[in-house]
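Observations on the three-dimensional arrangement
Each chain, letter by letter, is given below.
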Amino acid sequence: MKKVVLVALASLIFQSCINTSEKKLPILGEREPVEKTVAGKLLIDTIYQTVPAFSYFNQDSIPVTNKDFDNKIYVTDFFFTSCNTICPIMHRNMLNVYTKFKGNPKVKFLSHTIDIKYDLPSKLKSYASKLGIEGNQWEFVHGSRDSIFGIAAKSYLVSAFEDSTDPQGLVHQGWFILVDTKKQLRGAYDGTKEDQVNQLMKDMELLLKEEFGNEK
Amino acid sequence: MRNKLIYFIFLTIAFTSMIQSCQNETSINFKRYYVNGKRLYENNCQNCHGSDGKGLGTLYPPLTDSSYLNLNRNKLACIIRNGQTGTVRVNNIAYDGIMPGNQTLADIDIAQVIVYITNSFGNKQGFYDSEFAKNDLVKCK
């Protein structure tokens, strides 16, 4: 009897080890169960919310679409260049994340401006170079008002809107959203909090492992 | 003779303790300004200039350039209240962004922020009274 308990305990401990090493990030957002018949059996599958197709102009005035993010994981946020509240803190933190994954072809960064009128690509270019960003691993994009505010609310679940009562006229949340290669949302982190940004970096490693295994 | 000596000792003690108390008052004031200045800095300046005063890239200049702060000591109050546009050179790097002003800060608040900034981040420039701020602010362009 004792032996049985011991073995059960040991396997439990073993199981828990396996579970932690294979920990997966949750899939966030809306989900929908779908019934499918596979080989004569009725199966229930879940369809998760994904980011739809998009097309913007980046800091080099080059079109950037969802295809540029195919087979990559990416971190996205909403900001504007003249913002002096949470944006500097967010991008000070994002810069740390960028520096950590700089040059990794499987990781990209996507910052949407919500100041449609003022933040034209030339403005974004000057902002990016002042932040020390070259190349296009980190895209700063400009789009139409509806597409930016729409994708923020519906696809990335980030609140961003124009508000005439705000001193700067624009209000937005500071979330960093982690998106996987299937364009599913895998994490949301407060970009103004250092501990959450550190968690993001750990979760990105985890997601890279899940998506690409150990391939380099 | 003995009385004179006692009198002299008493006077010396009284005099030194007076000086001592003056110094203490200045250092208490300094500490008061510094602590309040830190809180004001966190609420009004830190987003851009950072908790370590290092700024961010060439978007926001650092506050670690002691010689800039020293050379422009009389202009700091005006910069904090009214903001700044145009190119500034800090640590010999050009910054051409727009710094917004802080119109809601009173003279004493500005003095406290200046005490905090000019005595943090590797700077050590001593006390700056609210009277100094008042005088400097009159001269704002």
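Our subject is the structure that appears above.
Residues numbered from 1 in each chain as written. Chains lettered and ligands numbered in written order. Predicted model: local features only at pLDDT ≥ 70, side-chain atom pairs only at ≥ 80, totals over all residues. Heavy atoms only, no water.

**Points about the interface of chain B and chain A**
So the rule is basically this: The contact definition used throughout considers only heavy atoms, calling two residues in contact when any of these lie within 4.5 Å. The term buried area means the drop in 1.4 Å probe accessible area that two parts suffer when joined, counted for both and summed. Salt bridges are defined as contacts in which a side-chain nitrogen from Lys or Arg sits within 4 Å of a carboxyl oxygen from Asp or Glu. Each residue is assigned to one of three groups, with Ala, Val, Leu, Ile, Met, Phe, Trp, Tyr, Cys and Pro labelled nonpolar, Asp, Glu, Lys and Arg labelled charged, and all others, Gly among them, labelled polar.
The partner chain A presents twelve residues to the 14 residues of chain B that form the contact. Contact between chain B and chain A buries roughly 1,000 Å² in total, counting both sides, with carbon and sulfur atoms accounting for 55%. When residues of chain B are sorted by the area they lose upon contact with chain A, Asn-47, Leu-56 and Leu-59 of chain B head the list and together hold 53% of the total. The tally of links between chain B and chain A comes to one salt bridge. Between Lys-130 of chain A and Asp-96 of chain B there is a salt bridge, and its shortest N-O distance comes to 2.5 Å. Residues belonging to the side of chain B that touches chain A are distributed by class as follows: five nonpolar, eight polar and one charged.

**So, the packing of aromatic side chains**
Note the threshold: Two rings belonging to Phe, Tyr or Trp (six-membered ring only in the last case) form a pair when the distance between their centres is within 6.5 Å. Interplanar angles under 30 degrees mark stacking, angles over 60 mark edge-to-face geometry, and anything in between is tilted. We call a charge positioned above a ring when the Lys NZ or Arg CZ atom is no farther than 6 Å from the ring centre and deviates by at most 35 degrees from the ring normal.
Scanning the model with the defined rule gives 19 aromatic pairs over all chains in all. Ring-pair connections join several aromatic residues into one group, and the members of that group are Phe-30, Tyr-33, Tyr-34, Tyr-41, Tyr-116, Phe-121 and Phe-127 of chain B. The ring of Phe-212 of chain A carries Lys-106 of chain A above its face, with NZ or CZ at 5.3 Å from the centroid. It is Lys-108 of chain A that lies over the ring of Phe-69 of chain A; its NZ or CZ is 5.4 Å from the centre.

**Digging into the state of the cysteines**
Disulfide: a covalent bond formed between the sulfur atoms of two cysteine residues. Residue and element names in this part refer to chain A. Our working definition: Count a disulfide wherever a pair of cysteine sulfur atoms falls within 2.5 Å. Residue burial is assigned from relative accessible area. The probe radius is 1.4 Å, only protein chains are included, and a residue is buried under 20% of its type maximum, exposed over 50%, and partly exposed in between.
Enumeration over the complete set of coordinates arrives at two disulfides over all chains. There is a disulfide in this structure between Cys-83 and Cys-87, and the S-S distance comes to 2.2 Å. When the S-S torsion is 100 degrees, as for the bridge of Cys-83 with Cys-87, the disulfide is right-handed. By relative accessible area, which is 1% here, Cys-83 ends up buried. Given the relative accessible area of 2%, Cys-87 is considered buried.

**Section: a nonpolar patch on the surface**
Residue and element names in this part refer to chain B. Stated precisely, the cut-off is as follows: Patch membership is restricted to residues that have no salt bridge and whose relative accessible area is over 30%. Joining uses 9 Å for like charges and 5 Å for the nonpolar side chains Val, Leu, Ile, Met, Phe, Trp and Tyr. The accessible surface values rely on the Shrake-Rupley method and a 1.4 Å probe; as for residues, cover is taken only from the protein chains in view. Here a strand is any run of E in DSSP of at least two residues, a helix any run of H or I of at least four, and the numbering for each starts at the N terminus.
A contiguous nonpolar patch, built from Leu-5, Phe-8, Ile-9 and Ile-13 and spanning about 420 Å² of accessible area, is present on the exposed surface. Considering the arrangement of structural elements, one finds Leu-5 in helix H1 (residues 2–44). Given the relative accessible area of 49%, Leu-5 is considered partly exposed.

**A short note on the environment of Met-94 of chain A**
Residue and element names in this part refer to chain A. By the secondary structure assignment, Met-94 is in helix H2 (residues 87–101). Assessed through its relative accessible area of 0%, Met-94 is described here as buried. Once the C-alpha coordinates of Met-94 and Gly-191 are considered, the two residues, 97 residues apart in sequence, prove to be 7.4 Å apart. With sequence-adjacent residues up to four places away left out, Met-94 is seen in contact with Val-75, Asp-77, Phe-109, Trp-138 and Phe-176.

**Some thoughts on unusual backbone geometry**
Although it is not a glycine, Ala-39 of chain A sits at a positive phi angle of roughly 50 degrees. For Asn-91 of chain B, which is not glycine, the phi dihedral falls at a positive 50 degrees. Take Asn-91 of chain B: it is sitting in the loop between strand S1 (88–90) and strand S2 (93–95).

**Comments concerning helix H6 (residues 130–138) of chain B**
Residue and element names in this part refer to chain B. Condition: The arc in question is the one spanned by the directions pointing from the helix axis to the C-beta atoms. Here a polar contact is taken to be a pair of N or O atoms separated by no more than 3.5 Å, where protein atoms must pair a possible hydrogen donor with a possible acceptor and residues adjacent in sequence count only if both atoms sit in side chains.
Residues Ser-130, Ala-133, Asp-136 and Leu-137 constitute the buried set of H6. All buried residues of H6 project into a common sector of 120 degrees when viewed along the axis, lining one side. Of the residues flanking the start of H6, the one acting as N-cap is Asp-129, its side-chain oxygen 3.0 Å from the backbone nitrogen of Glu-131.

**Observations concerning the layout of surface pockets**
Put simply, the rule is: Cavities and pockets are found on a 1 Å grid laid over the protein atoms alone: a cavity is a set of points where a 1.4 Å probe fits but cannot escape, a pocket is an open set with protein on both sides within 12 Å along at least five of seven lines, and a lining residue has an atom within 4 Å of such a point. Grid points are joined across faces, edges and corners, and a volume is the space filled by probe spheres set on the points.
There is about 1,100 Å³ of room inside the largest pocket. If you trace the largest pocket, you find 43 residues lining it, with His-49, Tyr-60, Ile-98, Met-99 and Pro-100 of chain B closest to the centre. Within the residue set of the lining of the largest pocket, elements represented by two or more residues are helix H3 (121–131) of chain A together with H1, helix H2 (46–49), helix H3 (66–71), helix H4 (76–82), S1 and helix H5 (107–117) of chain B. Approximately 340 Å³ is the volume found for the second largest pocket. Per-element tally for the lining of the second largest pocket: the top contributor is H2 of chain A, with four residues. Residues belonging to the lining of the second largest pocket are distributed by class as follows: two nonpolar, nine polar and five charged.

**Some words on the sheet that holds strand S11 (residues 185–190) of chain A**
Residues and elements named next belong to chain A. Counted only if it meets this: At least two bridges found by DSSP between two strands are what make those strands a pair. Between the N-to-C directions of two axes lies an angle of 0 to 180 degrees, each axis being a line fitted to C-alpha atoms and, for a helix, fitted only over the stretch in contact.
With respect to topology, five strands assemble into an open sheet ordered S7-S6-S5-S10-S11, the strand pairing being mixed. Of all the strands in the sheet, the pair left with one neighbour each is strand S7 (138–141) and S11. Sheet twist, expressed as the average angle between the axes of neighbouring strands with direction ignored, equals 20 degrees. Sheet strands in contact with helix H5 (residues 194–212) are strand S5 (73–79), strand S6 (107–113), strand S10 (175–179) and S11, and its direction is about 165 degrees off that of S11.

**Details of the pairing of S10 of chain A**
Residue and element names in this part refer to chain A. The element S10 is largely enclosed, with a buried count of four among its five residues. For S5 and S10, the ladder comprises three bridges, and the chain directions are antiparallel. Each residue of the ladder has a partner; that of Thr-76, found in S10, is Ile-177. As defined by bridge partners, S10 adjoins S11 across five bridges and the pair is classed as antiparallel. Within S11, the residue paired with Ile-177 across the bridge is Ala-188. The loop that links S10 with its antiparallel partner S11 comprises five residues; one of these, Lys-183, has a positive phi angle of about 65 degrees.

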